[in-house]
Amino acid sequence: MLSVVKNSLTAVVFLMSLSAYASPWEASRNCHLNKSQSSGIYPEAAQKLSDLELIPRVTQGINQTKSPQNVHGTDDVIDGVPYTAAVDISVRCLDGDRDGKIKGLLTALAENGFVGWYRKNGSDGWSGADHIHAVWVKQKLKPSLEKQVNSWLEGKNGLRKDAVYQYWKPSDELKETVSGYFKKAAVSSR
Ligand SMILES: [Zn+2]
């Protein structure tokens, strides 16, 4: 009898932990996401994205296209392998409180070492496909991404005109956290 109680308790605890880990941005089974394109992201950054259940949503990691708009090129070469700190994340299938979920995602990204912006077509200086563009701040960055991190810390949009970002504002505490990660990375990559 006792073991039955114990087993059912275990099952309840297990189910509770499952629901605790299901992130609000985890895509439902009937959501069609494009194939994940996470290659070339710094391994530590990719691990964080995995912890956040975001790998299925990654639409761009490294991209060597030579154009002024492309900031997904190499940030560092480790053991002969080029890596980028830039990552794009799909915002498909975030039904219900969509803006709440996107803002929650931007917050979670920042807590874990990424600055991010929701690029929404026609808003905040962006025209193009809707997505989140994020930058891992804990490792070496090329100048274009350093510029974006500084822009984020100043509450700006990280685009060419670098205007004030209207969609979401990180708390001062969150900015402090990110600034700490960023400074530490700058010191260690010197
Ligand atoms: Zn991007």
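Presented here is a report on the structure given in the accompanying data block. Since the structure is predicted, the reported quantities are computational estimates derived from the model, not experimental observations. (Residues numbered from 1 in each chain as written. Predicted model: local features only at pLDDT ≥ 70, side-chain atom pairs only at ≥ 80, totals over all residues.)

### What about the overall build of the chain?
Cut-off, in case you're wondering: Put simply, DSSP marks the helices as runs of H or I at least four residues long and the strands as runs of E at least two long, and each gets a number from the N terminus on. We call a residue exposed when 12 or fewer other C-beta atoms sit within 10 Å of its C-beta, buried when the count reaches 20 or more, and partly exposed for counts in between; the C-beta positions come from the backbone. By the convention adopted here, residues make contact when the C-beta atoms placed from their backbones lie within 7 Å.
A tally of helices and strands in the chain yields five helices and six strands. In the chain, the succession of α and β elements from N to C terminus is α-α-β-β-β-β-α-β-β-α-α. In the chain, which comprises 190 residues, the share counted as buried stands at 32%. If you take every contact in the chain between residues at least 6 apart in sequence, the share linking residues at least 24 apart comes to 57%.

### Observations concerning the sheet that holds strand E5 (residues 114-119)
How we decide: Should DSSP find at least two bridges between two strands, the strands are taken to pair. As a rule, the C-alpha atoms of each element are fitted with a line to give its axis, helices using only the stretch in contact, and angles between N-to-C directions run from 0 to 180 degrees.
The four strands lie next to each other as E1-E4-E6-E5, forming an open sheet whose pairing is antiparallel. If you trace the sheet from one side to the other, it starts and ends with strand E1 (58-60) and E5, each paired once. Strand-to-strand, the axes of this sheet are offset by a mean angle of 30 degrees, without reference to chain direction. In this sheet, strand E6 (residues 131-136) lies alongside strand E4 (residues 86-89) in antiparallel orientation, the contact comprising four bridges. The partner of Val87 across the bridge, within E6, is Ala134.

### A word on the packing of helix H3 (residues 98-111) against helix H5 (residues 172-188)
Heads up, the condition is: Each angle receives one of four descriptions, namely roughly parallel if under 35 degrees, roughly antiparallel if over 145, roughly perpendicular if within 65 to 115, and oblique otherwise. Note on residue classes: Ala, Val, Leu, Ile, Met, Phe, Trp, Tyr, Cys and Pro are nonpolar, Asp, Glu, Lys and Arg are charged, and everything else, Gly too, is polar.
In the contact formed by H3 and H5, the axes pass within 9 Å of each other and the chain directions differ by 40 degrees. The pairing of H3 with H5 is recorded here as oblique in orientation. Taking contact as the criterion, the partners of Thr107, Ala110 and Glu111 in H3 are, on H5, Leu174, Thr177 and Val178. By residue class, the composition of the contact of H3 with H5 is three nonpolar, two polar and one charged.

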